[in-house]
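Listed here are the chains, written in short residue letters.
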Amino acid sequence: MAQQTTLSVQIDGSDRQKFEQFCKAAGMNVSVAINMFVKKVVNEQRIPFEVSVDPFYSEANMTRLRKSIDQLNAGEGKEHELIEVD
């Protein structure tokens, strides 16, 4: 059997409390849940869920937003009516 070691991580206190509550409700403790995650990563050689970047912060979108802000600051903004979509 492999030697057990300790892993120390820092997380937000509120997230920790919610995670502990989830683990308890699922019938496990935090150590078991973290070990499940680690085993999944090691076996699959990937993060077992999608990790992506919010496209809002893409360079193309940020460039467009800066251009729009410059236009508004130059008094070149256009007023539009809100369109409600059902």
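Remember, it's a predicted structure, so these values are computed and weren't measured experimentally.

The rules behind each value
- Residues numbered from 1 in each chain as written.
- Predicted model: local features only at pLDDT ≥ 70, side-chain atom pairs only at ≥ 80, totals over all residues.
- Heavy atoms only, no water.
- Phe/Tyr/Trp six-rings, centres within 6.5 Å; stacked < 30°, edge-to-face > 60°.
- Buried < 20%, exposed > 50% of the residue type's maximum accessible area, 1.4 Å probe, protein only.
- Helix = DSSP H or I, 4+ residues; strand = E, 2+ residues; numbered from the N terminus.
- Expected span 1.5 Å × (residues − 1).
- Polar contact = N/O pair within 3.5 Å; in protein donor to acceptor, adjacent residues only side chain to side chain.

**Q** Lay out the packing of aromatic side chains in plain terms, naming residues and giving numbers.
**A** Throughout the structure, instances matching the rule amount to two aromatic pairs. Here the aromatic rings of phenylalanine 56 and tyrosine 57 are separated by 5.0 Å at their centres, their planes lie at 85°, and the arrangement is edge-to-face. When its relative accessible area of 41% is taken as the criterion, phenylalanine 56 is described as partly exposed. The exposure class of tyrosine 57 is exposed, given its relative accessible area of 56%.

**Q** Got a sec to walk through unusual backbone geometry? Specific residues and values, please.
**A** You will see that glutamine 45, though not glycine, has its phi angle at about 55°, which is positive. With respect to the helices, strands and loops of the structure, glutamine 45 is situated in the loop between α2 (30–44) and α3 (59–73).

**Q** Which residues make up helix α1 (residues 13–25), and what values do they have?
**A** When the terminal C-alpha atoms of α1 are compared, their 18 Å separation across 13 residues agrees well with the 18 Å that a helix rising 1.5 Å per residue should span. For α1, the side-chain oxygen to backbone nitrogen distance between the N-cap and serine 14 is 3.0 Å, and the N-cap itself is aspartate 12. Among the residues trailing α1, glycine 27 stands out with phi positive, at a value near 80°.

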